[in-house]
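# Geometric and topological summary
Below are the chains, spelled out letter by letter.
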Amino acid sequence: MGGTMFNIADNRIYMNDENGKMIAEVTFPNLDDKTIVIDHTFVDDSLRGQGIAAKLMLEVIDYAKSNNKKIKATCSYAVKWFDKNKNKDEYKDLYIG
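A few words now on the overall build of the chain. Of the regular secondary structure elements, the chain holds three helices and seven strands. Along the chain direction, N to C, the helices and strands of the chain fall in the order β-β-β-β-β-β-α-β-α-α. Whereas a compact globule of 97 residues would reach a radius of gyration of roughly 13 Å, the chain reaches 13 Å, a difference of no more than 12%. Across its three principal directions, the C-alpha atoms of the chain cover 40 × 25 × 25 Å. Of all 97 residues assigned to the chain, the portion counted as buried reaches 39%. Across the chain, contacts joining residues at least 24 apart in sequence account for 46% of those joining residues at least 6 apart. Here the chain holds 14 positive side-chain charges and 15 negative ones, and the gap between their average locations is 6 Å.

This part takes up the pairing of strand S6 (residues 40–43). The two faces of S6 differ: Thr-41 and Val-43 on one face are buried, but His-40 and Phe-42 on the other face are not. Sheet analysis places strand S3 (residues 22–27) next to S6, joined by four bridges and oriented antiparallel. In the sheet register, Val-26 faces S6, and the bridge partner there is Thr-41.

With that settled, consider unusual backbone geometry. In this model, Asp-10 sits at a positive phi of 50 degrees, which is unusual for a non-glycine residue. Counting through the fold element by element, Asp-10 comes out in the loop between strand S1 (7–8) and strand S2 (12–16). According to the relative accessible area criterion, Asp-10 is exposed, its value standing at 76%. Positioned with a positive phi, Asn-68 is a non-glycine residue whose angle comes to about 55 degrees. By secondary structure assignment, the location of Asn-68 is in the loop between helix H1 (52–66) and strand S7 (70–73).

Turning our attention to the pairing of strand S5 (residues 35–38). Regular strands place their side chains on alternate faces of the sheet. Here S5 shows no split at all, with Thr-35 and Val-37 on one side and Ile-36 and Ile-38 on the other all buried. Note: strand S4 (residues 30–32) against S5, two bridges, orientation antiparallel. Across the sheet, the residue bridging to Asn-30 is Ile-36, located in S5. Sheet topology places S5 next to S7; four bridges connect them, and they run parallel. The residue bridging Ile-36 from the neighbouring strand is Ile-71, located in S7.

This next bit is on the pattern of salt bridges. According to the stated counting rule, one finds three salt bridges in the structure shown. A salt bridge links Arg-12 to Glu-25, with the nearest nitrogen and oxygen atoms 2.5 Å apart. Of this pair, Arg-12 sits in strand S2 while Glu-25 sits in strand S3; the two residues are 13 residues apart in sequence, bridging distant segments of the chain. According to the relative accessible area criterion, Arg-12 is partly exposed, its value standing at 24%. One salt bridge in this structure joins Arg-48 and Asp-45, with 3.2 Å as the shortest N-O distance. For Arg-48, a relative accessible area of 52% puts it in the exposed group. The exposure class assigned to Asp-45 is exposed, which follows from its relative accessible area of 62%.

Criteria and cut-off values
Residues numbered from 1 in each chain as written. Predicted model: local features only at pLDDT ≥ 70, side-chain atom pairs only at ≥ 80, totals over all residues. Heavy atoms only, no water. Helix = DSSP H or I, 4+ residues; strand = E, 2+ residues; numbered from the N terminus. Rg over C-alpha atoms; globule rule 2.2 N^0.38 Å. Buried < 20%, exposed > 50% of the residue type's maximum accessible area, 1.4 Å probe, protein only. Contact = heavy atoms within 4.5 Å. Lys, Arg positive; Asp, Glu negative; His and termini not counted. Charge placed at Lys NZ, Arg CZ, Asp CG, Glu CD. Pairing = 2+ DSSP bridges. Salt bridge = Lys/Arg side-chain N within 4 Å of Asp/Glu carboxyl O.

Honestly, it's all geometry; don't read function into it.
Right, here's the structure in full:
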């Protein structure tokens with residue numbers, strides 16, 4: 001994940017501002033050994049409209065691919081994002097609902 005603006009730790013990808021305040025986050029606990037569940041997405045008002053939430057989804061997809069995981073979603077944003085993008089070849093084998 002070289003050069004990314006996001007940090008990753010403990011099934012969480014996030015971004016802090018220069019003061020250390022968390023301003024964007026997606027969490028994805030393990031459902032089982034092969035599946036993660038995107039259960040929460042947050043983007044601070046100061047970042048709205050910049051595509052940050054979509055970038056978080058792409059980071060989770062990269063994480064899932066590199067860790068050989070499938071993705072489920074309970075977060076309403078993630079569900080909508082995958083509904084919109086589920087037919088793209090690079091995502092369709094990863095997202096299982």
